[in-house]
Structure formats: structure tokens, C-alpha cells
Amino acid sequence: MSGFDFSRQPLDPAALSTSLADVAAGGFATFEGWVRNENEGREVRRLDYEAFEELALKEGSRIVAEAMQRFGVRGARCVHRLGELGLGELAVWVGVASGHRAEAFAACRYIIDEVKHRVPIWKKEHYLDGDSGWVNCERCAEAAHAHHDHAHDHDHDSGQVIRTPPAAASAPDYSRQMVLKEVGLAGQRRLAASSVVVVGAGGLGCPVLSYLAGAGVGTLHVVDGDRVEASNLHRQPLFAMADVGRPKAEVAAEKLAALNPSIRVQAHLTRFTEENAAGLVALGELVIDCSDNFATKFLVNDAAVLAGKPAVMASIYQYEGQLQVARPDAGGSCLRCLWPEATRDGMVGNCAEAGVLGPVPGLFGNLQAMEALKLLLDLPGQLRDEILLVDLLGLQQHRLRAPRCAECAGGRCARITGLQPARVTEGLELSLLLEEAAAAGYRIVDLREPGETARAPITAVENFAWPMARLLDEAPAKLDPEQRYLLVCSMGVRSRAAAEVLRARGLQQVFSLSGGLAAEQQRRAAGS
Amino acid sequence: MPMIRLKYYALLREQAGCGEERLETAARDPAALYDELARRHGFSLPQAQLKVAVNAEFSDWSRPLADGDEVVFIPPVAGG
């Protein structure tokens, strides 16, 4: 008996089952494909099946052999009908006998999926309106696809690249995770049917995206407006030197499609803003915050809370990080239960300023991927109403209770009424050369730490070294409210934050050097 | 005076120059303790931006401190 056969006669499931009878098998799974009365909105009356028999038999037998080896099952068989079939007739039968049910289900699913993808079978549909049409087997669609090398379509207006799997895409072998009794076939199907929005394709986003793609999450939305930089590569393993300068979301989508061609990855080449937040969050059943700044993190949190969807959030700093899962869908706490007010960017360093070792976001991204899978698969032990702190230098962790705040304990979070636009203070930032600023009467204040200043001192103009922590501690007492100050740091993030704080304390003559010394040097080079 | 065990995270760890320390203090609550430490270590973050946990539970800034308490100051972080 061959593992794969065609039949021109009606199939007899009972006889087929008997052909696999085995006293050592404790589980027997079957799949039956029936002729349906509808396809893509058209009513179907009957079907004709045709096959390239010689090739189809070889390929079909190969699939059944693969399934037996892969899943270690005792017996497997697939029979496909040919010729004319009426509505409700049995078109294809798959049976698998195995020691245990998990492998039986998995192998059965594998066989029917692969047969649909790979075996050259054509189906002619006869519609109720008298019309008829041939429906290609999926492999034939792939062959047609390969002729033109467009794996994706650009939609320039929306800044999106839509990457659809090739028609004959094969899925990875999920058996290692399906063997887990908490996952199984039902869990695998749940993953395939799920959609996740990932904000940020950086140090956190790379592991999150890789593991979710590998696990078979059916749709991934990658939101990132940045381009790949050489300084990203030590902590963002989806990217290579050859990708430098390309949009991160686009490169990530390519790599993920290669990793798992059976999923759909949609790249959104845009920052996550208060304008697009609600629309993007609506695309998934959960959102994962992998961004690198406070403004975006609070925006993700707020948009998720407003949409009533879980948000898996992580943030890192040098050798440590924090993990939190907002559960507005289940009466759980959110970021604002801990921090009612969004922290200003620049108050606490980002990766560029504070530095980071690659495995730190790597670990936290993995934790995020794990929490996301726990949510999607409804696994126990989910992080909720808690925050996890991990210090990778000291190898210490703290898991702290973080319940809902009193303000939203009774219902919706009262702290979030809408999405806040990014805070911008008009006229705060100046794009000058330092000499121009000094000549215009600005006192130049270098906010950098002593080590940074020593490595790259400011020599062009007279300036005051006043590290940010000390300045904020000593202001406003030690500043002259009538004097104009230009605050300077390396990238312009700290100086903007400090200027905002000082303005809030009543010093209206404080400004920030836009883009920091890095941008000032570029302006200098461009001008000379 | 009570002896308090302190743990610092992120920017506070950096500004304190250590991840943990023990301190004999007259501070009666976390708010007073943070004031004292901010002066000593030059902490730049205002207290309002921080969370404090005492003995692994988030706590009020006015909770009385006792000998042997473990106090953790947690700043928000944003890297990714």
C-alpha cells in the first residue's frame, strides 16, 4: 500500500481507517475534505479534479513519508479523488495512526497542508450560473509568481510595504512547540490566526519579531520609521552591515518572511504617533512596545488602554531593564498606574547617550516574546499587575506588585482621556553655531558628564561645564533670569529636557542646542 | 538609628556609583530618605518621577521606615 493514492471511485472512510489498523496505536486522527457549495462568493454546483498523476503520486508519497519521519507516527495515508464530484462528496482523506494523539493530529495537519501546497492537482469548479473555471493548485500559482520577482508591493502613499507570502510558502516545522501539551494543534492554530503589532524594530523588537515569526504568529505588523545604522548592529541581530541606510521595518519584514514564509508581515515605515496610534493598535489583538523613548512608550500604553488591548512593554537602561504587561482588557494595571505623568525624554539616558550591551535588550525582547505567547496561548503565569526588574550585571531580579491605581480601580483609567500630542515647547531649540550664539549674548552651558566633556571638549567658545544633574539641582537659584542660556549636550535630547524643566521653573531665557554638538558639527562642516 | 538596605536601579545606580548600600539614617520615611540620598549622591531625578518599593512592595512615600527595611528606588527607563 502506497502512502498516497488517487481514486476515481467514491472513498470509503471506514475501509481506509481499517487499512491503518494497528494495536500499538493509541491515537488515530483523520481529516476529510468535502466539496463545498461556495468558493470566493460564487455558488458551486460540482467539481472536476485532475492531476498530473505521475508527478503527483511521487510528491504525495514523499509528503506522507516526511510526516511519518517528522512526527514519528506509526502509519499514515492520504487518498485524493479524481474526476467529477458532487456537493458534499469526500474529495480527500487523510488518516494517521500514532502512539499518542498530539503527533497524530500534527502529522495529519502536515499532510493535508503540504498536499494542498505541493501536489499538482487542478480543480474545475462548475458554478450555479452555468459558468466554470479552473482553480490552480497552489504550486502552479507559485511557478507563475516566480516569473516576476516582486515579492512585495509598495504602497508609497501610506508608507507601507505589504509582504505577502508566496503562494506555495511552506511553514516551518512547529512540532517542537506543538509537542508541549499546553500548545498542541489548537495552540498552533490560535497563533496562526493571531495578529500582533510591534512598535519598534530595534534592540527589543528584533528578538520579539524573530521569535513570534518563528512561532507562527499569523500576522506581524512592524512599526518603525528609522533606518538601519551601523551602531545598531551589536544589539539588533535582524540587520547586517549591508542593510545600513535601509528602512528598518522593511529589512525586518524581509528577514522575517525568509524565516517563516507562511506568515504575513506588514511593514509600516513610520513613527508611532498620536495620529496613527489608534489605527495601528487596531490591527492586532495585542501590541508590543519595543520603542526607545518615553513619549512613544506612554503613547503605546495609552492607545492600548483606550482600545482595551494588552500591551507588553519593556525598557532597558545600560545593564538592566523593566518588564510590564498592561491589561486593560482584564481589569489590570497599566504604565500610568505606576507613572501617572510621562517622563520627559532626556531626563534618563537612552541607548545612544547611556550606552547598552546587546544581550540586555536581547533578554528583555525574549521576555516580551514569551509574555506575548503566554497571552496568545492563554498559558499560566502571565505577568499582570506586576513589574519585573532584572539587573544583568548583578544577576538579580525583583518582581514587584503594581496594582491598578486608585483612580482607575473602578473601571477605565481616569488618567487617560485621549492621546497626548508630543510635548513641544515653541522656540526652545536653536540651530546655531556656538560662535553665533556666543556673539548673540547666549551663555553656553555644557550639560555633559565630565568624562564626555574630557573626550570631546568645546574649544570654539567660552562655556560653563555644568552637568545636567547638578544644574537641575541648583536651578533656578544659581541662574540669572535675565541672562540667555544655551544648553548643550551631545545629541540635544538632554539639553531639550533640561531646558523644558527650567522653563517650567520660570526661566524663560533658557534654550537648547538643536541636535546637540553632533548636529552643530554637521552644520559647521556644511557651512565651511 | 535604623539601618536601611538600599538598592538602586538605572540612572540612580549610575549616579550613586553602586547598586546597593547600607545606610544608618534618621529619615523616617522614603521621602525623607530620598532627599538625604539625593543630596549625598547628586540624584538628578525629582522624587515625583520615581517609584519606591519597601520590602518588595511598592510603597507610599510617607510609609514609616523600620530597622532592616529594604528600600528600592525605581526610576522609569526608556531604552530599547
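A brief report on the enclosed structure follows. (Residues numbered from 1 in each chain as written. Chains lettered and ligands numbered in written order. Predicted model: local features only at pLDDT ≥ 70, side-chain atom pairs only at ≥ 80, totals over all residues.)

**Description of the overall build of chain B**
Point 1. The helix and strand inventory of chain B stands at two helices and five strands.
Point 2. Secondary structure elements of chain B, listed N to C terminal, follow the sequence β-α-β-α-β-β-β. (Helix = DSSP H or I, 4+ residues; strand = E, 2+ residues; numbered from the N terminus.)

**Considerations on the environment of Asp 129 of chain A**
Point 1. With respect to the secondary-structure elements, Asp 129 of chain A resides in the loop between β8 (121–127) and β9 (132–135).
Point 2. Sequence spacing of Asp 129 of chain A and Arg 42 of chain A is 87 residues, and the spatial spacing of their C-alpha atoms is 8.8 Å.

**Observations concerning the interface of chain A and chain B**
Point 1. Contact with chain A, which involves 40 residues of that partner, is made by 22 residues of chain B.
Point 2. Broken down by secondary-structure element, the contributors of at least two residues to the side of chain A that touches chain B are α10 (294–307), β16 (311–317), β17 (320–326), α12 (351–354), β18 (386–391), β19 (396–401) and α16 (468–474) of chain A.
Point 3. Top contributing element to the side of chain A that touches chain B by residue count: α16 of chain A, with five residues.
Point 4. Partitioning the side of chain A that touches chain B into residue classes produces 19 nonpolar, 13 polar and eight charged. (Contact = placed C-beta atoms within 7 Å. Nonpolar A, V, L, I, M, F, W, Y, C, P; charged D, E, K, R; others polar.)

**Side note on the packing of helix α7 (residues 205–215) of chain A against helix α8 (residues 248–259) of chain A**
Two quantities define a packed helix pair, namely the angle between the axes and the distance from one axis to the other.
Residue and element names in this part refer to chain A.
Point 1. The interhelical angle for the contact between α7 and α8, taken along N-to-C directions, is 30 degrees, at an axis separation of 9 Å. Compared by their axis directions, α7 and α8 come out roughly parallel. The way α7 lies across α8 gives a crossing that is right-handed. Counted together, Leu 209, Ser 210, Ala 213 and Gly 214 of α7 and Ala 252, Leu 256 and Leu 259 of α8 form the full contact between these two elements.
Point 2. Each residue belonging to the contact of α7 with α8 can be placed in one class, and the counts come to five nonpolar, two polar and no charged. (Axes fitted to C-alpha atoms, helices over the stretch in contact; angles between N-to-C directions. Parallel < 35°, antiparallel > 145°, perpendicular 65-115°, else oblique. Left-handed = near helix turned anticlockwise from the far one by under 90°.)

**Regarding the sheet that holds strand β21 (residues 443–446) of chain A**
Residue and element names in this part refer to chain A.
Point 1. As summarised here, the arrangement of the five strands in space is β20-β24-β23-β21-β22, forming an open sheet in which the pairing is parallel. The open sheet is flanked by β20 (429–430) and β22 (464–465), the only strands paired with a single partner.
Point 2. Direction of pairing for strand β23 (residues 485–488) relative to strand β24 (residues 510–513): parallel, over a ladder of three bridges. Bridged to Leu 487 within β24 is Ser 512. (Pairing = 2+ DSSP bridges.)

**Quick look at unusual backbone geometry**
All names here are of chain A.
Point 1. In this chain, Ala 475 is followed by Pro 476 through a cis amide linkage whose omega measures 0 degrees.
Point 2. The topology assignment puts Pro 476 in the loop between α16 and β23.
Point 3. Phi at Gln 318 takes a positive value of approximately 55 degrees, unusual for a residue other than glycine.
Point 4. With respect to the secondary-structure elements, Gln 318 resides in the loop between β16 and β17.

**A look at the nonpolar core**
All names here are of chain A.
Point 1. Formed by 97 residues in total, the largest nonpolar core has its most connected members in Val 198, Leu 209, Leu 220 and Val 222.
Point 2. Setting aside residues up to four positions removed in sequence, Leu 220 forms contacts with Val 196, Val 198, Leu 209, Leu 212, Ala 213, Leu 256, Ile 263 and Val 265.
Point 3. In terms of nonpolar packing, the next biggest core, distinct from the first, is built from 32 residues, Leu 16, Val 79, Ala 91 and Phe 105 among them. (Core = buried A, V, L, I, M, F, W, Y, C linked by C-beta atoms within 7 Å. Buried ≥ 20, exposed ≤ 12 C-beta atoms within 10 Å, placed from the backbone.)

**Structural notes on helix α2 (residues 30–41) of chain B**
All names here are of chain B.
Point 1. Helix length check: α2 (twelve residues) gives 16 Å between terminal C-alpha atoms against 16 Å at 1.5 Å per residue, within 8%.
Point 2. The set of residues buried in α2 consists of Pro 30, Leu 33, Tyr 34 and Leu 37. Down the axis of α2, the buried side of the element spans an arc of 100 degrees, and every buried residue falls inside it.
Point 3. Lining the buried residues of α2 we find β1 (3–8), β3 (51–54) and β5 (70–74).
Point 4. Directly after α2, the chain includes Gly 42, whose backbone phi takes a positive value near 70 degrees. (Expected span 1.5 Å × (residues − 1). Arc of directions from axis to C-beta.)

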